[in-house]
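Analysis of the macromolecular model
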Amino acid sequence: MKVGILGGSGYGGLELIRLLLMHPYVEIEKVVSPSYAGQELSSVFPHLNQVELPSFVELDALEVAEGVDLIFFATPADVSATYIPTFHGLGVPCIDLSGGFRLRDGAVFEEWYNHASPSSELLREAVYGLTELNPEQIEHANIIANPGCYPTATLLGLLPIMKEKWLSRNSIIIDGKSGVSGAGRKVGLGTHFAEVNENISAYKVNEHQHIPEIEQVLSELVKKETRVSFTTHLIPLTRGMMCTLYVGMKESHSTAEIIALYEAYYENHPFVRIFSEGTFPTPKGVAGTNYCDIGLSVDHRTKRITIVSCIDNLMKGAAGQAVQNMNVRFGFPEKTGLVLTPVFP
Ligand SMILES: NC(=O)C1=CN([C@@H]2O[C@H](COP(=O)(O)OP(=O)(O)OC[C@H]3O[C@@H](n4cnc5c(N)ncnc54)[C@H](OP(=O)(O)O)[C@@H]3O)[C@@H](O)[C@H]2O)C=CC1
Ligand SMILES: CC(=O)N[C@@H](CCC(=O)OP(=O)(O)O)C(=O)O
């Protein structure tokens, strides 16, 4: 099948290109970048020297949609919210790496993203693409909203206990940490080497756009409005993300019991790996792969569980999960093009 990539000059788009070049059933037909239109990819990104790819093109919806079976949007949320309706109208399925179609309520989108929302009809039609949560819906979706990177690590860390209703309500605290590629390729003081290196900083405290996304999914899961405390930190890694979650239990359970619950839930989900008691994951342990690694421990004194969930923000947090969703949507085996071993050390 033939695909187009919007945002092919960004970190998410480049990671999609890396993965799709290894995918046996996909050909990259169009790569869009307004800044580099007309230039060869290898002239902008020398690491793609001698790789056969089409040159960058402008964002002309009719031209880009012509001859492709699927479009990936690796663009800011406002760009996806503006252009996906056009591609959808032309009958081309879209997988959106941005937050443009993740929230069901347009007013909530406008509050957190400061941009006009897509129509409520399209928001209803879009499917939240957390593959481990709703593969049946993804199989039939024409707009797949790939989850954000922090929501991916957080929700995978919470799904089994949320489904079992073992959690005491509104007790969830999420301490998230991301490498700098999570902020995209654009330059800015916030990602300046001299200020990020050998440093750590909290950002968007109580204002992060992933708060309503996480709360929406959790509320739908337990059918009760659920709130979370969520703080994000920038750390001096190029790629990688760790979310440490602290959650209260309704009743006491042992670590072994919790681990057994997670192992059973993820038995048929090849990209989630549950660690044995006393061991915990690291971002390096998933680097360059689509894995989400999870470690768990019960604190009996506080009746809380500590959950450590690690992903590569550009992979399971973005491009890897997008390819996983494409596989599910187009009937390829879920792991196609994603069988990778972490880059360690
Ligand atoms: N980086 C990450 O870890 C994650 C990112 N995401 C989301 O994925 C999306 C892409 O992120 P990322 O790759 O990091 O971002 P980058 O800033 O690295 O890249 C953005 C891309 O969007 C293109 N773009 C920007 N404005 C326009 C426009 N008006 N019309 C057409 N194209 C445009 C840029 O093209 P040009 O170079 O021509 O300007 C560039 O290719 C974002 O929505 C982000 O929030 C989601 C999960 C994780
Ligand atoms: C380090 C850093 O700045 N990370 C970004 C991650 C953005 C992201 O995942 O994009 P979506 O909003 O499309 O989900 C942030 O925290 O906003």
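Everything discussed here concerns the structure shown above.
Residues numbered from 1 in each chain as written. Chains lettered and ligands numbered in written order. Predicted model: local features only at pLDDT ≥ 70, side-chain atom pairs only at ≥ 80, totals over all residues. Heavy atoms only, no water.

A count of helical and extended segments in the protein gives 12 helices and 14 strands. Against the compact-globule benchmark of 20 Å for 345 residues, the protein has a radius of gyration of 20 Å, which places it among compact chains. In terms of overall dimensions, the protein has a C-alpha envelope of 60 × 45 × 40 Å along the principal axes. A buried classification covers 54% of the 345 residues belonging to the protein. When contacts within the protein are restricted to residue pairs at least 6 apart in sequence, those whose partners lie at least 24 apart make up 70%. Counting every atom, the protein has about 15,100 Å² of accessible surface; 51% of that belongs to carbon and sulfur. On the protein, the mean spot of the 26 positive side-chain charges and the mean spot of the 38 negative ones are 6 Å from each other. (Helix = DSSP H or I, 4+ residues; strand = E, 2+ residues; numbered from the N terminus. Rg over C-alpha atoms; globule rule 2.2 N^0.38 Å. Buried < 20%, exposed > 50% of the residue type's maximum accessible area, 1.4 Å probe, protein only. Contact = heavy atoms within 4.5 Å. Areas by Shrake-Rupley, 256 points an atom, 1.4 Å probe, with all protein chains shown as cover. Lys, Arg positive; Asp, Glu negative; His and termini not counted. Charge placed at Lys NZ, Arg CZ, Asp CG, Glu CD.)

Moving on, we get to the environment of D312. Assignment of secondary structure puts D312 in the loop between β14 (304-311) and α12 (315-330). According to the relative accessible area criterion, D312 is buried, its value standing at 1%. For the pair D312 and G179, spaced 133 residues apart in the sequence, the C-alpha separation amounts to 8.9 Å. With near-sequence residues (within four places) excluded, D312 lies in contact with R239, G240, V286, A287, G288, T289 and G317.

Take the nonpolar core next. Within the largest apolar cluster, 42 residues are counted, with the highest numbers of intra-cluster contacts made by I161, I294 and I307. Discounting chain neighbours no more than four positions away, the residues touching I161 are W166, L167, V247, I258, L261, Y262, I305 and I307. If you look at the next biggest cluster of nonpolar residues, it comprises 39 residues, including L16, V31, L41 and V323. (Core = buried A, V, L, I, M, F, W, Y, C linked by side-chain atoms within 4.5 Å.)

Right, let's get into the layout of surface pockets. Roughly 340 Å³ of internal volume is contained in the second largest pocket. Forming the walls of the second largest pocket are 16 residues, and the residues nearest its centre are V180, S181, T191, L237 and T238. The residue makeup of the lining of the second largest pocket, split by class, is eight nonpolar, six polar and two charged. (1 Å grid on protein atoms, 1.4 Å probe; cavity = no way out; pocket = protein on both sides within 12 Å on 5 of 7 lines; lining within 4 Å. Points joined across faces, edges and corners; volume = space filled by probe spheres on them. Nonpolar A, V, L, I, M, F, W, Y, C, P; charged D, E, K, R; others polar.)

Moving on, we come to the site of ligand 2. Around ligand 2 sit 17 residues in total, of which R102, Y203, K204, H208 and H210 are the nearest. Measuring from an oxygen atom of ligand 2, one finds a side-chain N or O atom of K204 at 2.6 Å. Contact distances for ligand 2 include 2.6 Å between an oxygen atom and a side-chain N or O atom of H208. About the coverage of ligand 2: the protein hides 83% of its 430 Å² of free accessible area. Each of domain 1 (2-125) and domain 2 (150-313) gives at least three residues to the shell around ligand 2. (Near = heavy atom within 4 Å. Polar contact = N/O pair within 3.5 Å; in protein donor to acceptor, adjacent residues only side chain to side chain. Domains from an automatic or database assignment.)

Once that is clear, we can look at the pattern of salt bridges. Any two side chains of opposite charge can pair, given that their charged atoms come close. Enumeration over the complete set of coordinates arrives at 11 salt bridges. Taken together, the shared-partner salt bridges connect E15, R18, R239 and D312 into one network. (Salt bridge = Lys/Arg side-chain N within 4 Å of Asp/Glu carboxyl O.)

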